[in-house]
Amino acid sequence: MPTLKNRPESVIDMHQVATRFGDHTVHQHLDLQVPRGEIFAVIGGSGSGKSTLLREMILLQKPSAGTVQVLGVPLEDIEDIEALALRQRWGVMFQQGGLFGSLTVLENVGLPLHEHTDLGDKLIDDIARWKLSMVGLKPEVENQYPSG
Ligand SMILES: Nc1ncnc2c1ncn2[C@@H]1O[C@H](COP(=O)(O)OP(=O)(O)O)[C@@H](O)[C@H]1O
Ligand SMILES: [Mg+2]
C-alpha cells in the first residue's frame, strides 16, 4: 500500500489494455494515466466501452490484456486483503444512486463506517449528518428512504 511518503504520481494507470468479448474488441492498446488531483472524464458514444473501462478500474472486470494500477497497486492477481483495503479508499457514485432502499438516507451514508470502523453509533450518525449538510441536504431528509 502506498504511504504518504511514497505516493504514486498516477492515481489510475492503465497500460496497453485490451478488452474483448468473443471476437468483439472493445478496447485495444489503451493507455491512460489519471494524475493525483486531476478531474478526468471519459466521453464516448453508447457501446464504445466507457462502463467496461470503469469496471476494470474498480475490480469488477478484468481486461483481456494489459495492466491496471490504482493508487500504485496492480489489480492483476490482487490478494483479497489488498483489494479490501483499496475498496475502502475509493468511492463510486452510480448513475441510479446505488443506495439501499430499505435503509434511511442517514443509515446509507453511515453504512461504510459501521462496516469498516469501530466508531460508535452516535458518532457515526453525527458524521453522516455532517456529510449530508456538506452536500446541502436539509436535516429532515435523514429519516427518509431513497426513492427507487
Ligand atoms: N459482459 C459483456 N459481455 C459481452 N459484451 C459486453 C459485455 N459488457 C459490455 N459488452 C459490450 O462491450 C461494448 C461496450 O459496452 P459498454 O462498456 O457498456 O459501453 P458504454 O458504457 O460506452 O455504453 C458494447 O458493445 C457491449 O455490448
Ligand atoms: Mg455505459
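Visitor: Please clarify how the overall build of the protein chain should be interpreted in this entry.
Guide: When helices and strands are tallied, the protein chain shows four helices and four strands. Helices (α) and strands (β) of the protein chain occur, in sequence order from the N terminus, as β-β-α-β-β-α-α-α. Expressed along its principal axes, the backbone C-alpha trace of the protein chain runs to roughly 50 × 40 × 30 Å. The buried share among the 148 residues of the protein chain stands at 27%.

Visitor: Help me understand helix α1 (residues 50-57), please; the structure alone is not making it clear to me.
Guide: One turn of an α-helix holds 3.6 residues; hence residues three or four places apart share an orientation. Listed as buried for α1 are Thr-52, Leu-53, Glu-56 and Met-57. Projected onto a plane normal to the axis of α1, the buried residues spread over an arc of 145° and lie on a single side. Elements that come into contact with the buried residues of α1 comprise β1 (10-21), β2 (24-35) and β3 (65-70). Immediately downstream of α1, the backbone of Leu-59 shows phi near 65°, a positive value.

Visitor: Help me out: how do you make sense of the domain arrangement of the protein chain in this one?
Guide: We note that the domain assignment places domain 1 (10-89) and domain 2 (93-148) within the protein chain. For domain 1 and domain 2, the distance between their C-alpha centres works out to 28 Å.

Visitor: Help me understand the side chain of His-27 in this model?
Guide: Looking at the element boundaries, His-27 is found in strand β2. Engagement of the side chain of His-27 in a polar contact is seen with the side chain of Thr-19, the distance being 2.7 Å. A polar atom in the side chain of His-27 sits 2.9 Å from the backbone oxygen of Gly-49. Aside from chain neighbours lying at most four places away, what touches His-27 is Val-17, Ala-18, Thr-19, Ser-48, Gly-49, Thr-52, Leu-53 and Glu-56.

Visitor: Even after reading the chapter, I still don't get the pairing of β2, so can you show me in this structure?
Guide: Side chains on a regular strand alternate between the two faces of the sheet. Sheet topology note: the β1/β2 ladder contains eight bridges and is antiparallel. Across the sheet, Arg-20 pairs through a bridge with Thr-25, a residue of β2. Where β1 hands over to β2, the hairpin turn is made up of two residues, of which Gly-22 adopts a positive phi near 60°.

Visitor: I would appreciate a short explanation of the site of ligand 1 in the present structure.
Guide: Close to ligand 1 lie Phe-21, His-24, Val-26, Gly-45, Ser-46, Gly-47, Ser-48, Gly-49, Lys-50, Ser-51, Thr-52 and Arg-55, which account for all nearby residues. Contact distances for ligand 1 include 2.9 Å between an oxygen atom and a backbone N or O atom of Gly-49. Within the side chain of Ser-51, one N or O atom sits 2.8 Å away from an oxygen atom of ligand 1. Compared with its free state, where it exposes 560 Å², ligand 1 has 60% of that area covered by protein. Residue assignment for the shell around ligand 1 shows that the elements contributing at least two residues are β2 and α1.

Calculation criteria
Residues numbered from 1 in each chain as written. Chains lettered and ligands numbered in written order. Predicted model: local features only at pLDDT ≥ 70, side-chain atom pairs only at ≥ 80, totals over all residues. Heavy atoms only, no water. Helix = DSSP H or I, 4+ residues; strand = E, 2+ residues; numbered from the N terminus. Buried < 20%, exposed > 50% of the residue type's maximum accessible area, 1.4 Å probe, protein only. Arc of directions from axis to C-beta. Contact = heavy atoms within 4.5 Å. Domains from an automatic or database assignment. Polar contact = N/O pair within 3.5 Å; in protein donor to acceptor, adjacent residues only side chain to side chain. Pairing = 2+ DSSP bridges. Near = heavy atom within 4 Å. Areas by Shrake-Rupley, 256 points an atom, 1.4 Å probe, with all protein chains shown as cover.

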